[in-house]
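Spelled out, the chains give:
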Amino acid sequence: MKTFNTAGPSIPGDHYMLDPLARIDLTEIEALIDAKRYFVLHAPRQTGKTTALLALMHHLNAQGRYRALYCNIEAAQAARGNVHEGMAAIVNALASAASVYWRDEAAAQVARARLHEAGATDWVRATLEAWSRHSPRPIVLFLDEVDALVGDTLISLLRQIRAGYAQRPEAFPQTVVLSGVRDVRDYRIHSGGEIITGGSAFNIKAVSLRLSNFSRAECEALWQQHEAETGQRFDAAIYPELWADTEGQPWLVNALGHELT
Ligand SMILES: Nc1ncnc2c1ncn2[C@@H]1O[C@H](COP(=O)(O)OP(=O)(O)OP(=O)(O)O)[C@@H](O)[C@H]1O
Ligand SMILES: [Mg+2]
């Protein structure tokens, strides 16, 4: 039986869901990827970014033109400004993503092998270069929770991506998407007493896409999935009040659905 999801990304089959690919401009995103552009997807907490990126990865992999990978790099947050620790956390996150989503232990090993080399400020770039050179299809990489990183760790990541950019797609990903709460432009990175803005550290970004809240019609469609599945009715008279309480905020829409049922 499906439920209203109140914790973590929504999973098709487990949760009542709106099609995550219908929430983003898929045509625009596919055009950006075809044009080898790098871009940002941002939205406030609990809007459905991770759910959408996972769906996009599965969609692209099913199409078969690209090799897409979702990777959450939040673990690097604990490293704060320690670049060596931060890059190790990111390389480990890439390795486990390759293992989980690609089931590619060789790729995971290529990433982990970096950790035994000197030069942590090049580990991520070198991993992505090696993966891209050996990949049967151009790689599309989604890096989620990028703005969990701070200071020199964030700068190092952005610089490594910028350094590899010119070699795409043969020796670097066709597209890298940075996802988080803020747009890179609004990252204010403190480094050695100086403040560097994300925009200057990542001036290869083509556009920033923003994920919005649900429309009224989408909210009602989601609540009605429960009606269709269980026969338990939502009295339509309650919709205006539910809208006033949630304004379409995706998590709240689910949480109220959960409470009411
Ligand atoms: N396609 C969807 N259909 C219905 N509900 C959704 C959908 N996507 C997200 N939600 C709701 O939003 C919540 C958060 O989803 P998700 O974790 O994908 O968001 P997020 O923007 O990545 O959040 P965070 O910023 O905390 O990482 C889910 O628990 C669910 O309640
Ligand atoms: Mg998320």
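Above this text sits the structure in question.
Below or above, wherever it landed, is the structure these notes cover. Computed from a predicted model, the values in this text were never measured in an experiment.

## Brief notes about the overall build of the chain
At step 1: Looking only at helices and strands, the chain features 10 helices and seven strands.
At step 2: Against the compact-globule benchmark of 18 Å for 261 residues, the chain has a radius of gyration of 20 Å, which places it among compact chains.
At step 3: In the form shown here, the chain has an accessible surface area of approximately 12000 Å², with 50% of it arising from carbon and sulfur atoms.
At step 4: Looking at the chain, you have 25 positive and 30 negative side-chain charges, and the mean spots of the two groups are 7 Å apart.

## Here we look at the environment of Phe-142
At step 1: Inspection of the secondary structure assignment puts Phe-142 in strand β3 (residues 139-144).
At step 2: Expressed as a C-alpha distance, the spacing of Phe-142 and Leu-69, which sit 73 residues apart in the sequence, is 6.1 Å.
At step 3: Discounting chain neighbours no more than four positions away, the residues touching Phe-142 are Leu-53, Leu-56, Met-57, Leu-60, Ala-68, Leu-69, Tyr-70, Cys-71 and Val-177.

## Quick word on helix α4 (residues 105-114)
At step 1: Along α4, the residues classified as buried are Ala-107, Ala-108, Ala-111 and Arg-114. End-on view of α4: buried residues confined to an arc of 110°, all on one side of the axis.
At step 2: Residues of α4 that are buried make contact with α3 (83-102) and α5 (123-134).
At step 3: The distance from a side-chain oxygen at the start of α4 to the backbone nitrogen of Ala-106 is 3.2 Å, and the residue carrying that oxygen is Asp-104.

## With respect to the pattern of salt bridges
At step 1: One pass over the full model with this rule turns up 11 salt bridges.
At step 2: By sharing partners, the salt bridges in this structure join Asp-122, Arg-125, Glu-129 and Arg-133 into a single network.

## A closer look at α5
At step 1: Counted at 1.5 Å a residue, the expected span for α5 with its 12 residues is 16 Å, and the 17 Å between its end C-alpha atoms agrees.
At step 2: Within α5, 10 of the 12 residues are buried, which leaves it mostly tucked inside the rest of the structure.
At step 3: Buried within α5 we find Trp-123, Val-124, Arg-125, Ala-126, Thr-127, Leu-128, Glu-129, Ala-130, Trp-131 and Ser-132.
At step 4: On the buried face of α5, the contacting elements are β2 (67-72), α3, α4, β3 and α6 (151-165).

## Here we look at the site of ligand 1
At step 1: Around ligand 1 sit 22 residues in total, of which Asn-5, Gly-8, Arg-45, Lys-49 and Thr-51 are the nearest.
At step 2: In the environment of ligand 1, an oxygen atom lies 2.9 Å from a nitrogen or oxygen atom belonging to the backbone of Gly-48.
At step 3: For ligand 1, an oxygen atom lies 2.7 Å from a polar atom in the side chain of Lys-49.
At step 4: About the coverage of ligand 1: the protein hides 96% of its 640 Å² of free accessible area.
At step 5: Contributing elements (two or more residues each) for the shell around ligand 1: α2 (49-63) and α10 (250-260).
At step 6: Its residues placed into classes, the shell around ligand 1 shows nine nonpolar, nine polar and four charged.
At step 7: Here the shell around ligand 1 spans two domains, since at least three of its residues come from each of domain 1 (20-210) and domain 2 (216-260).

## Focus: the packing of aromatic side chains
At step 1: The full count for this structure, using the stated rule, is seven aromatic pairs.
At step 2: Centroid distance Trp-223 to Tyr-239: 5.7 Å. Interplanar angle 10°. Geometry classified as stacked. You can see Trp-223 sitting in helix α8 (residues 216-230) and its partner Tyr-239 sitting in helix α9 (residues 239-246), a full 16 residues away along the chain. Here Trp-223 and Tyr-239 have matching classes, each one buried.

## Structural notes on the packing of helix α1 (residues 26-34) against α2
At step 1: In the contact formed by α1 and α2, the axes pass within 13 Å of each other and the chain directions differ by 60°. The angle between α1 and α2 falls in the class oblique. In this structure, α1 crosses over α2, and the sense of that crossing is right-handed. Together, Leu-26, Ile-29, Glu-30 and Ile-33 of α1 and Leu-56, His-59, Leu-60 and Gln-63 of α2 make up the contact between the two elements.
At step 2: For the contact of α1 with α2, a count of residues per class yields five nonpolar, two polar and one charged.

## Observations regarding the nonpolar core
At step 1: Ranked by internal contacts, the top residues of the largest apolar core, which has 46 residues, are Trp-131, Leu-143, Leu-157 and Ile-161.
At step 2: Counting only elements with at least two residues in this core, the list comes to β1 (38-42), β2, α3, α4, α5, β3, α6 and β4 (175-180).
At step 3: Those residues in contact with Leu-143 that lie beyond four places of it in its chain are Cys-71, Ile-73, Leu-94, Leu-157, Ile-161, Val-176, Val-177, Leu-178 and Ser-179.
At step 4: Membership of the second largest hydrophobic core comes to 24 residues, among which are Ile-33, Leu-41, Leu-209 and Leu-211.

Parameters at a glance
- Residues numbered from 1 in each chain as written.
- Chains lettered and ligands numbered in written order.
- Predicted model: local features only at pLDDT ≥ 70, side-chain atom pairs only at ≥ 80, totals over all residues.
- Heavy atoms only, no water.
- Helix = DSSP H or I, 4+ residues; strand = E, 2+ residues; numbered from the N terminus.
- Rg over C-alpha atoms; globule rule 2.2 N^0.38 Å.
- Areas by Shrake-Rupley, 256 points an atom, 1.4 Å probe, with all protein chains shown as cover.
- Lys, Arg positive; Asp, Glu negative; His and termini not counted.
- Charge placed at Lys NZ, Arg CZ, Asp CG, Glu CD.
- Contact = heavy atoms within 4.5 Å.
- Buried < 20%, exposed > 50% of the residue type's maximum accessible area, 1.4 Å probe, protein only.
- Arc of directions from axis to C-beta.
- Polar contact = N/O pair within 3.5 Å; in protein donor to acceptor, adjacent residues only side chain to side chain.
- Salt bridge = Lys/Arg side-chain N within 4 Å of Asp/Glu carboxyl O.
- Expected span 1.5 Å × (residues − 1).
- Near = heavy atom within 4 Å.
- Nonpolar A, V, L, I, M, F, W, Y, C, P; charged D, E, K, R; others polar.
- Domains from an automatic or database assignment.
- Phe/Tyr/Trp six-rings, centres within 6.5 Å; stacked < 30°, edge-to-face > 60°.
- Axes fitted to C-alpha atoms, helices over the stretch in contact; angles between N-to-C directions.
- Parallel < 35°, antiparallel > 145°, perpendicular 65-115°, else oblique.
- Left-handed = near helix turned anticlockwise from the far one by under 90°.
- Core = buried A, V, L, I, M, F, W, Y, C linked by side-chain atoms within 4.5 Å.

The analysis is restricted to geometry; functional conclusions fall outside its scope.
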